[in-house]
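Here's the letter readout for the chains.
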Amino acid sequence: MSVAQPYFQIKPPPGALDRLYAVPPGFAAQGQILILNLGPDADAIRVMLIPTGQPPSDSMYIAYDTPIPANYTMQLQELGLNNGSQILVRSENGTCTFTFTGVYDIAYGVSV
């Protein structure tokens, strides 16, 4: 059974790698990340997907120092996460917000 999940949103401090979302135990999730630069200048962002039980490593970045122009929105779509997986995000200047929205599935191990 899939359940709509409204959203999780953060605006990390400048240069800080912060957790946007962690899949609850026994669940899987599918969704998208919306990134909005609210600042008057360009920013650079990082997005890392950490699989269950793994320590963070550079190979887990799906976006690394990706430039985001001022007042611009970027979307990362069709992200699938398993039980316990995490999304970490970073904004170089601290002017970007990150929103994860989608659904989660209570039948862990079933494709959502």
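One can find the structure itself at the top, above this paragraph.
A short tour of the structure in this document, coming up.

Rules of the game
Residues numbered from 1 in each chain as written. Predicted model: local features only at pLDDT ≥ 70, side-chain atom pairs only at ≥ 80, totals over all residues. Heavy atoms only, no water. Phe/Tyr/Trp six-rings, centres within 6.5 Å; stacked < 30°, edge-to-face > 60°. Helix = DSSP H or I, 4+ residues; strand = E, 2+ residues; numbered from the N terminus. Buried < 20%, exposed > 50% of the residue type's maximum accessible area, 1.4 Å probe, protein only.

With that settled, consider the packing of aromatic side chains. Taken as a whole, this structure holds 3 aromatic pairs when the rule is applied. Considering the side-chain rings of Phe 8 and Tyr 21, the 4.7 Å spacing of their centres and the 50° angle between planes classify their relative orientation as tilted. Taken as a pair, Phe 8 in strand β1 (residues 2-10) and Tyr 21 in strand β2 (residues 18-22) lie far apart in primary sequence, 13 residues in all. Accessibility expressed as a relative area gives 27% for Phe 8, which makes it partly exposed. Among the residues examined, Tyr 21 registers a relative accessible area of 4% and is labelled buried. On the basis of an interplanar angle of 25° and a centroid distance of 4.7 Å, the ring pair of Tyr 21 and Phe 100 is categorised as stacked. Taken together, the residues Tyr 21 in strand β2 and Phe 100 in strand β8 (residues 96-105) connect sequence positions 79 residues apart. Among the aromatic residues, ring-to-ring pairing joins Phe 8, Tyr 21 and Phe 100 into one connected group.

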